[in-house]
Amino acid sequence: MNRNQVRPQRRHATPSRIERVRRQAVPKPRVIIALLLLLGLVSVMLLDGYLRAEVGNDQRVRSDASASKVPDSVLDGGPFLSFQGGTARTRSVPDKTIVLTFDDGPDPEWTQKVLDILDDNDVPGTFFLVGSMISRYPDVVRRMVDDGNEVGVHTFTHVDLSYQSAARVTREIAQTQLALAGAAGITTTLFRAPYSSTNDAIDNYSWPVYKRLGAMGYTSVFIDTDSEDWQQPGVSKIIKWATPKSGKGASVLFHDAGGNRAQTLEALPQYIKKMKSKGYTFTTVSGAQQQTQGQQAQGQQAQGQQAQGQQTQAPQGTPGTAGNTRQSNPEQAAHRTADTATLWEGRALLGAVAVAEWTVPGLAAVLAVVGVAVLGRFAMMLVLARRHYRQRNRRRFSWGPAVTEPVSVIVPAYNEKECIANTLNSLAASTHPIEIVVVDDGSTDGTAEIAESLGLPNVRVIRQPNAGKPAALNNGVRHARYDIVVMMDGDTVFEPDTVQRLVQPFGDPEVGAVAGNAKVGNRTTMIGAWQHIEYVMGFNLDRRMYDLLRCMPTIPGAIGAFRREAVLGVGGMSEDTLAEDTDITIALHRAGWRVVYAEHARAWTEAPASLGQLWRQRYRWSYGTMQALWKHRKSVTDRGPSGRFGRVGMPLVVLFQIVTPVFAPLIDVFTVYAMIFVDFKASLLAWLAVLLVQMVCAGYAFRLDRERYRYLLMLPLQQIAYRQLMYLVLIHSCVTAATGGRLRWQKLKRTGEVGTPAPGTGVR
């Protein structure tokens with residue numbers, strides 16, 4: 001085959017109905033990956049919020065309730081409550097015995113220091129642990145158990161169980177047991193309810209909870225003496241309030257987490273020494289119960305036998321307790337070795353928590369950087385856009401000698417029967433001398449015939465087999481008669497002075513290409529209005545900034561002008577990417593040409609009219625931009641003009657068109673999360689503040705382009721709906737690029753509703 005012969009390609013072949021149904025019914029792998037990533041992120045955030053008591057948090061605490069249904073023997077009994085055989089029984093701590101209990105841990109700072117104090121004084125403690133804290137700091141729990149201390153359940157999220165359903169109660173206990181199994185390989189039969197104290201605090205609402213847990217085999221642990229260290233009353237008062245009266249034994253409450261525990265750390269060693277000097281011994285809950293049962297027994301064997309009689313069953317419904325062995329240490333008799341299934345479930349929980357613990361703060365840090373970058377971009381755009389406007393609109397500003405020679409306008413067209421007449425009629429009204437080259441890319445709807453039937457002067461129609469837009473543009477360049485070529489889309493219309501304004505920058509011999517000002521013509525619909533805001537605020541403000549920085553990344557396909565020698569010098573429009581406009585713009589930069597922006601050269605284009613068409617268009621744009629950046633990645637290390645773009649333009653494009661938009665949805669996800677679970681008012685105010693910044697930028701952009709401000713009323717809704725769609729498109733493109741997916745050319749449905757504009761038209 002002749003190398004110059006264009007190979008026919010079925011780029012626009014229409015799939016069969018069965019094929020279309022199959023494509024719609026079966027999600028593509030990259031779509032599934034994107035959805036899984038989103039689901040994973042939401043799951044991680046919810047897990048992290050659950051651990052931090054932001055999700056599902058219930059801060060209600062019951063007080064002053066009646067205890068008429070609670071037996072007096074329980075209210076007046078000892079601090080250890082169990083339900084052997086279904087009957088409530090309490091046990092007290094033996095005289096001259098102290099059971100040190102610690103609530104609300106583990107804490108990576110305070111609990112470690114408490115353990116050091118216990119080790120130094122050879123004293124055990126009983127720690128009632130919050131499951132969410134166990135899962136975050138498993139190493140502390142592991143040390144706690146290895147040091148001979150005893151542990152108990154203090155629920156997973158530290159909620160008042162008297163307000164919770166039976167299912168929530170069971171879940172709080174089971175999740176804590178899983179965390180304990182994952183951290184230390186054990187479960188426990190001890191339980192202490194959050195906000196509990198002495199037995200006489202049991203009321204009619206909490207009593208059913210204790211009975212339910214007792215039936216499951218748990219021993220509920222209360223206190224005799226409260227140090228009230230959580231109030232930070234001072235070391236002397238902590239010691240005084242923790243001291244039992246008249247040589248009695250006591251279950252004493254301290255805290256190793258939940259706040260500043262400096263006073264607790266100072267008081268604890270003094271308290272231990274004081275009680276030892278009075279003849280007290282220290283043990284755990286299990287140790288105290290065994291002493292109570294075995295006061296008449298002699299030797300370790302008798303104590304072991306009575307320990308077996310202490311609790312004849314493992315907690316029912318507790319993960320990993322059925323048939324498990326007890327710990328050999330009598331002071332850890334409440335511990336059970338977790339079975340294999342529970343052990344691995346617990347480790348999986350800890351793994352998920354570790355991921356959440358690293359992911360969410362990490363993402364928060366990234367988002368902080370992204371937020372600063374976004375605000376910095378807004379500030380830079382405003383400053384440079386103002387400078388650009390003032391520079392280019394000075395009375396004495398000139399690109400050089402006026403450009404008056406004729407230019408070639410290339411119109412690639414594929415099935416543009418709805419639009420081609422409006423496009424060509426608008427060009428025929430041009431105030432600048434032009435020739436019009438229509439390249440029909442294998443249309444099947446009579447586009448070429450319509451173009452010829454108009455009978456317009458200086459119009460040539462070139463037919464070629466369907467080969468795609470880059471091939472059509474290259475064909476047009478080869479047939480162009482003049483040194484400057486203007487490229488446009490087949491659905492775009494020009495104002496009469498558009499070409500004349502577009503080509504004036506070529507008075508500067510350094511300029512190789514010019515980007516025009518693309519406007520959305522069909523802006524009467526909501527989708528059109530959203531795109532109009534995007535075009536004015538995003539694209540045009542960006543181009544002003546990039547123009548001054550001399551790193552314009554894209555000349556829009558709807559309106560752009562080129563030196564013919566520059567286009568041919570870089571090999572023409574490449575088919576390597578789906579964003580041939582971005583590709584050739586970067587290539588021109590690397591070849592040493594300057595690319596500028598002509599704000600007054602306006603073109604009116606028909607934007608996608610449906611969400612499906614919009615998705616396909618932006619998906620192609622995003623993916624094509626990534627392809628072009630990857631293709632020209634070596635410019636980062638080049639010297640000269642190529643290196644300038646690589647080290648200035650490319651980082652800006654990657655940061656602001658890929659990285660920032662990819663992470664931007666996370667800001668919205670975090671905002672919604674914060675509104676629901678953290679602080680609605682503060683989160684809403686933060687969102688409104690960001691919206692105000694965007695409104696200021698958009699307002700200034702509209703002022704520069706002399707657009708009507710009424711469209712800015714759509715900006716809040718655009719931020720809620722349209723922007724999310726654009727983010728998803730970009731994420732979809734990233735997944736496609738990461739998975740090596742291929743994307744072919746896609747033809748958008750046109751209506752031809754964008755008509756020929758009148759001279760000086762501002763808004764249609």
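Residues numbered from 1 in each chain as written. Predicted model: local features only at pLDDT ≥ 70, side-chain atom pairs only at ≥ 80, totals over all residues. Heavy atoms only, no water.

(A) Broad picture of the overall build of the chain. In terms of helices and strands, the chain carries 24 helices and 20 strands. Across the 764 residues that make up the chain, the buried fraction comes to 55%. When contacts within the chain are restricted to residue pairs at least 6 apart in sequence, those whose partners lie at least 24 apart make up 80%. Accessible surface computed for the chain: about 33,200 Å², of which carbon and sulfur atoms make up 55%. (Helix = DSSP H or I, 4+ residues; strand = E, 2+ residues; numbered from the N terminus. Buried < 20%, exposed > 50% of the residue type's maximum accessible area, 1.4 Å probe, protein only. Contact = heavy atoms within 4.5 Å. Areas by Shrake-Rupley, 256 points an atom, 1.4 Å probe, with all protein chains shown as cover.)

(B) Structural view of the pairing of strand 5 (residues 150-153). Side chains of strand 5 alternate between two faces, with Glu 150 and Gly 152 and Val 151 and Val 153 buried alike. As judged from the four bridges shared by strand 4 (residues 126-129) and strand 5, these two strands associate in the parallel manner. Among the inter-strand pairings, Phe 127 is bridged to a residue of strand 5, identified as Val 151. (Pairing = 2+ DSSP bridges.)

(C) Focus on the environment of Pro 651. Checked against the element boundaries, Pro 651 lands in helix 22 (residues 640-677). Along the sequence, Pro 651 and Val 636 sit 15 residues apart, while their C-alpha atoms lie 8.9 Å from each other. Setting aside residues no more than four positions away along its own chain, Pro 651 makes contact with Phe 645 and Gly 646.

(D) Local environment of the sheet that holds strand 16 (residues 484-487). The strand order across the open sheet formed by eight strands is 15-14-13-16-19-18-20-17, and the pairing between neighbours is mixed. Of all strands in the sheet, those bounded by a partner on one side alone are strand 15 (459-464) and strand 17 (492-494). Within the sheet, the average angular offset between the axes of one strand and its neighbour, ignoring direction, is 30 degrees. Across the sheet, helix 16 (residues 469-479) is in contact with strand 13 (407-413), strand 14 (434-441), strand 15 and strand 16; its angle to strand 14 comes to roughly 145 degrees. (Axes fitted to C-alpha atoms, helices over the stretch in contact; angles between N-to-C directions.)

(E) Just the side chain of Gln 504, in detail. Note that Gln 504 resides in the loop between helix 17 (498-503) and strand 18 (511-520). Within polar-contact distance, the side chain of Gln 504 engages the backbone oxygen of Val 403 at 3.0 Å. Of note is the side chain of Gln 504, whose polar atom sits 3.0 Å from the backbone oxygen of Gln 500. When residues no more than four places from it in sequence are discounted, the contact partners of Gln 504 are Trp 399, Ala 402 and Val 403. (Polar contact = N/O pair within 3.5 Å; in protein donor to acceptor, adjacent residues only side chain to side chain.)

(F) Region of the structure containing the packing of aromatic side chains. Applying the stated rule across the entire model yields seven aromatic pairs. Put simply, the rings of Phe 102, Phe 127, Phe 254 and Tyr 271 pair up and form one aromatic cluster. A cation sits over an aromatic face here: Arg 347 above Trp 344, 4.7 Å from the ring centre. We note Arg 523 situated over the ring of Tyr 711; from NZ or CZ to the ring centre the distance is 5.6 Å. (Phe/Tyr/Trp six-rings, centres within 6.5 Å; stacked < 30°, edge-to-face > 60°. Lys NZ or Arg CZ within 6 Å of the ring centre and 35° of its normal.)

(G) Seen up close, unusual backbone geometry. Following Gly 105, the chain continues to Pro 106 via a peptide bond in cis, the omega torsion being 0 degrees. Relative to the elements of secondary structure, Pro 106 occurs in the loop between strand 3 (97-105) and helix 4 (110-120). In this structure, Glu 228 takes a positive phi of about 50 degrees despite not being glycine. Mapped onto the elements of the fold, Glu 228 is located in the loop between strand 9 (225-226) and helix 9 (235-242).

(H) How the structure looks around the pattern of salt bridges. Evaluation of the coordinates by the stated rule reveals 27 salt bridges. Measuring nitrogen to oxygen at the nearest pair gives 2.8 Å for the salt bridge that ties Glu 172 to Arg 168. Taken together, the residues Glu 172 and Arg 168, both in helix 7 (residues 166-184) and four residues apart, mark about one turn of the helix. Classification of Glu 172 as buried rests on a relative accessible area of 0%. The exposure class assigned to Arg 168 is buried, which follows from its relative accessible area of 10%. (Salt bridge = Lys/Arg side-chain N within 4 Å of Asp/Glu carboxyl O.)

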